[in-house]
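Now for the letters of each chain:
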Amino acid sequence: MSTTSSKSDLPDVHTRAEVLVQALPHMQRYDQEIVVVKYGGHAMGDPAAAEDFAEDIVLLEQSGVKPIVVHGGGPQIGQMLERLGVKSEFAAGLRITDKATVEIVEMVLAGSINKQIVGTISAEGGKAIGLCGKDGNMVIARKVTRTVVDPGSNIEKVVDLGFVGEPERVDRTVLDAVLGQEIIPVLAPVAVGTDGATYNVNADTFAGAIAGAMRAKRLLLLTDVPGVLDKDKKLLPELSIEECRRLIADGTITGGMIPKVETCIYALEQGVEGVVILDGKVSHAVLLELYTDHGAGTLIRR
């Protein structure tokens, strides 16, 4: 079959070449830099979106970036608990995780979801390895407690969330070794405590701790919304730490966006250059954010 392009093909070929040329300065900016991507939300459940995401990650690695993927899996955990007849209780917005539940959480996060993502990246030509915070003592967790106000007595009380943890310290050894071999680490947010117990860690928090420890150039938090919105529900393309704190204080940033933004602030204070909250449902959102002038969400800087 002839490989000669017809005249009708040329405009499209030239457009593609121009796109690549425009991407060049962005590619140079991230060459040999670490980029941590938290992958979650409904994009994980959509096969086409999962394929787009895997293509983005493989292209980043092939173009000189060192990507680290951290994934969540709340909906899948909920489905498995329901299938197995395990009832979940929630307090302060977090799932109370008893011993039976944490075993299922580990099975779903570090097992089926983790290996599914590794498989999708492999299918797109990448080399990936599935790990969790337990491997090589990568993440040591401490137990999380929350306080809630009893509506009847108005008395604040401490809630025991069971095996829910937050990162206490991160050891880079395993990640440095894997990245040195040009392999993409895919991390499940499950960690071990100093007591030897297994802890379920919020994926955003886990990603922030990893990005901070690795001094990542960028932390990308893929969500189900376009980014941080103002009171008129319009996207705020860029914010400083101080602006974020002001928007939390005046009620512009509310609900589940507050812990995400707090994770962004933590990562920036640990040395990450910039953090982006973006919509994971947008096709090739990662490439749009890193390799174009347009961006795809809210960039938060120091």
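So, here's what we can say about the structure.

About the criteria used
- Residues numbered from 1 in each chain as written.
- Predicted model: local features only at pLDDT ≥ 70, side-chain atom pairs only at ≥ 80, totals over all residues.
- Heavy atoms only, no water.
- Helix = DSSP H or I, 4+ residues; strand = E, 2+ residues; numbered from the N terminus.
- Rg over C-alpha atoms; globule rule 2.2 N^0.38 Å.
- Buried < 20%, exposed > 50% of the residue type's maximum accessible area, 1.4 Å probe, protein only.
- Contact = heavy atoms within 4.5 Å.
- Areas by Shrake-Rupley, 256 points an atom, 1.4 Å probe, with all protein chains shown as cover.
- Axes fitted to C-alpha atoms, helices over the stretch in contact; angles between N-to-C directions.
- Parallel < 35°, antiparallel > 145°, perpendicular 65-115°, else oblique.
- Left-handed = near helix turned anticlockwise from the far one by under 90°.
- Nonpolar A, V, L, I, M, F, W, Y, C, P; charged D, E, K, R; others polar.
- Pairing = 2+ DSSP bridges.
- Salt bridge = Lys/Arg side-chain N within 4 Å of Asp/Glu carboxyl O.
- Arc of directions from axis to C-beta.

1. Examining the overall build of the protein
Secondary structure summary: the protein contains nine helices and 14 strands in total. For 302 residues, the compact-globule estimate of 2.2 N^0.38 gives 19 Å, and the C-alpha radius of gyration of the protein, at 20 Å, lies within 12% of that figure. In the protein, buried positions account for 46% of the 302 residues. A fraction of 73% describes how many contacts in the protein between residues 6 or more apart in sequence connect residues 24 or more apart. Just so you have it, the protein exposes about 15200 Å², and 52% of that area is on carbon and sulfur atoms.

2. A few points about the packing of helix 3 (residues 74-83) against helix 4 (residues 99-123)
Closest axis-to-axis distance for the helix 3/helix 4 pair is 10 Å, and the angle between their directions is 125 degrees. Compared by their axis directions, helix 3 and helix 4 come out oblique. Crossing hand, helix 3 versus helix 4: right-handed. On the side of helix 3, the interface is formed by Gln76, Ile77, Met80 and Leu81, while helix 4 contributes Thr101, Ile104, Val105, Met107, Val108, Leu109 and Ile113. Taken together, the residues of the contact of helix 3 with helix 4 break down into nine nonpolar, two polar and no charged.

3. Overview of the sheet that holds strand 13 (residues 274-279)
Here eight strands make up an open sheet; going across it, the order is 5-8-2-1-11-13-14-12 and the pairing mixed. Either end of the sheet is taken by a strand with one partner, and the two such strands are strand 5 (128-132) and strand 12 (238-240). Neighbouring strand axes in the sheet, compared pairwise and without regard to direction, differ in orientation by 20 degrees on average. Pairing of strand 1 (residues 34-39) with strand 2 (residues 66-71) involves six bridges; the strand directions are parallel. From the neighbouring strand, Lys38 faces strand 2, where its bridge partner is Val70. Running at roughly 90 degrees to strand 12, helix 7 (residues 241-249) makes contact with strand 12 and strand 14 (297-301) of the sheet.

4. Some remarks on the pairing of strand 11 (residues 218-223)
Extensive coverage of strand 11 is indicated by the burial of six of its six residues. In strand 11, alternate side chains face the same way, and those of Arg218, Leu220 and Leu222 on one face and Leu219, Leu221 and Thr223 on the other are all buried. Bridging between strand 1 and strand 11 involves four bridges; their strand directions are parallel. Considered in strand 11, the bridge of Val35 is made with Arg218. The pairing of strand 11 with strand 13 spans six bridges and is parallel. Across the sheet, Leu221 pairs through a bridge with Ile277, a residue of strand 13.

5. What to know about the environment of Val86
Position of Val86 among the secondary structure elements: in the loop between helix 3 and strand 3 (89-91). Linking Val86 and Gly133, residues 47 residues apart in sequence, is a C-alpha distance of 25 Å. With residues near it in sequence (within four places) discarded, Val86 still touches Leu81, Thr101 and Ile104.

6. Regarding the pattern of salt bridges
Summed over the entire model, instances satisfying the criterion amount to 14 salt bridges. With a closest N to O distance of 3.1 Å, Glu238 and Arg301 form a salt bridge. Here Glu238, found in strand 12, pairs with Arg301, found in strand 14; they are 63 residues apart in sequence, far enough to count as distant. The exposure class of Glu238 is partly exposed, given its relative accessible area of 47%.

7. Here's the deal with helix 5 (residues 173-180)
Considered for burial, the residues of helix 5 that qualify are Leu175, Val178 and Leu179. Projected onto a plane normal to the axis of helix 5, the buried residues spread over an arc of 95 degrees and lie on a single side. The exposed residues of helix 5 that point more than 90 degrees off its buried face are Thr173 and Gly180. Residues of helix 5 that are buried make contact with strand 1, strand 2, strand 5, strand 8 (184-188) and helix 6 (203-213). Phi turns positive, to about 60 degrees, at Glu182, one or two residues after helix 5.

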